[in-house]
Amino acid sequence: MNSVTEKNRHKEKMIKRKAVQDAEVASKTIASKGLLIVHTGPGKGKSTAAFGLALRALGQGWKVGVVQFIKGAFETGERRVFARFGDKVVWRTMGEGFTWETQDRERDVAAARAAWATALDMMADPDIRLLVLDELNVALRYDYLPLNEVVAGLQARHPDLHIVVTGRNAKAELIAAADLVTEMTAVKHHFAAGVKAQAGIEF
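From a predicted model like this one, the values you see are computed outputs, not experimental measurements.

Each value, and the rule that gives it
- Residues numbered from 1 in each chain as written.
- Predicted model: local features only at pLDDT ≥ 70, side-chain atom pairs only at ≥ 80, totals over all residues.
- Heavy atoms only, no water.
- Helix = DSSP H or I, 4+ residues; strand = E, 2+ residues; numbered from the N terminus.
- Buried < 20%, exposed > 50% of the residue type's maximum accessible area, 1.4 Å probe, protein only.
- Phe/Tyr/Trp six-rings, centres within 6.5 Å; stacked < 30°, edge-to-face > 60°.
- Lys NZ or Arg CZ within 6 Å of the ring centre and 35° of its normal.
- Pairing = 2+ DSSP bridges.
- Axes fitted to C-alpha atoms, helices over the stretch in contact; angles between N-to-C directions.

A. Summary view of unusual backbone geometry. The phi dihedral of glutamate 135 is positive, around 65°, even though this residue is not glycine. With respect to the element layout, glutamate 135 can be found in the loop between strand 4 (128-134) and helix 6 (136-141). The exposure class of glutamate 135 is buried, given its relative accessible area of 15%. For asparagine 169, which is not glycine, the phi dihedral falls at a positive 55°. Mapped onto the fold, asparagine 169 is located in the loop between strand 5 (162-166) and helix 8 (172-177). A relative accessible area of 42% means that asparagine 169 is categorised as partly exposed.

Now the structure itself:
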């Protein structure tokens, strides 16, 4: 096949592809909608993806909220960088560490309750456009919070608010209520080869 024929075939293919793509875009009639987004699955990167989305939102001039449900108050790279945005970011770390570390269900439930109350306060703030509820799925998995209450609260968000929920084992009811669900699949992880959690990668 000569180069001219190859170029022409490619151009024809792209013309057809563009027509399909344009028709697909034109079929969407909702200009904007506050989305309920869920990042779940056994693979690494759920919170990382949520914080990347938060950076994108900040780049658009939005105010962002973050409530961490399980993770404790130890310093992380993401907390440090988001602190640089001043009052454009409201960050609340409400957890007391992993459940196998606290070993106190009542304390874990109380911490999750306090975090959910904080999340509701942020959801009521009309200036916050994106809210990350980090590891909320874990709190729901262990029944630290009433599932129906949480799903109803998320569904009652104001129309312009986007919410991202992270954590393994998302409940079926939450998945059903969500607009976008991404499952991180574990293919290979350095931890299995004996590599410890590293600053800049895990925290």
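Let us keep going from here.
B. Summary view of the packing of aromatic side chains. Under the criterion given, the structure shown has five aromatic pairs. The interplanar angle of 25° and the centroid separation of 5.4 Å between the aromatic rings of phenylalanine 51 and tryptophan 91 together place this pair among those described as stacked. Taken together, the residues phenylalanine 51 in helix 2 (residues 46-59) and tryptophan 91 in strand 3 (residues 89-93) connect sequence positions 40 residues apart. The buried category is assigned to phenylalanine 51, whose relative accessible area is 7%. Residues phenylalanine 82 and tryptophan 91 carry aromatic rings whose centres are separated by 5.5 Å and whose planes lie at 35° to one another, so their mutual orientation is tilted. This pair shows no difference in class: phenylalanine 82 is buried, exactly as tryptophan 91 is. Aromatic ring contacts, followed pair by pair, group Phe51, Phe82, Phe85 and Trp91 into a single cluster. Cation over ring: arginine 129 sits above tryptophan 62, and NZ or CZ is 4.1 Å from the ring centre.

C. Highlighting the sheet that holds strand 1 (residues 36-40). Across the sheet, six strands lie side by side as 3-2-4-5-1-6; this open sheet has parallel pairing. The two strands at the open ends of the sheet, each matched to only one other strand, are strand 3 and strand 6 (180-183). For this sheet, the mean inter-axis angle between neighbouring strands, taken without regard to orientation, is 10°. Pairing of strand 1 with strand 5, which is carried by four bridges, proceeds in the parallel orientation. Considered in strand 5, the bridge of isoleucine 37 is made with valine 164.

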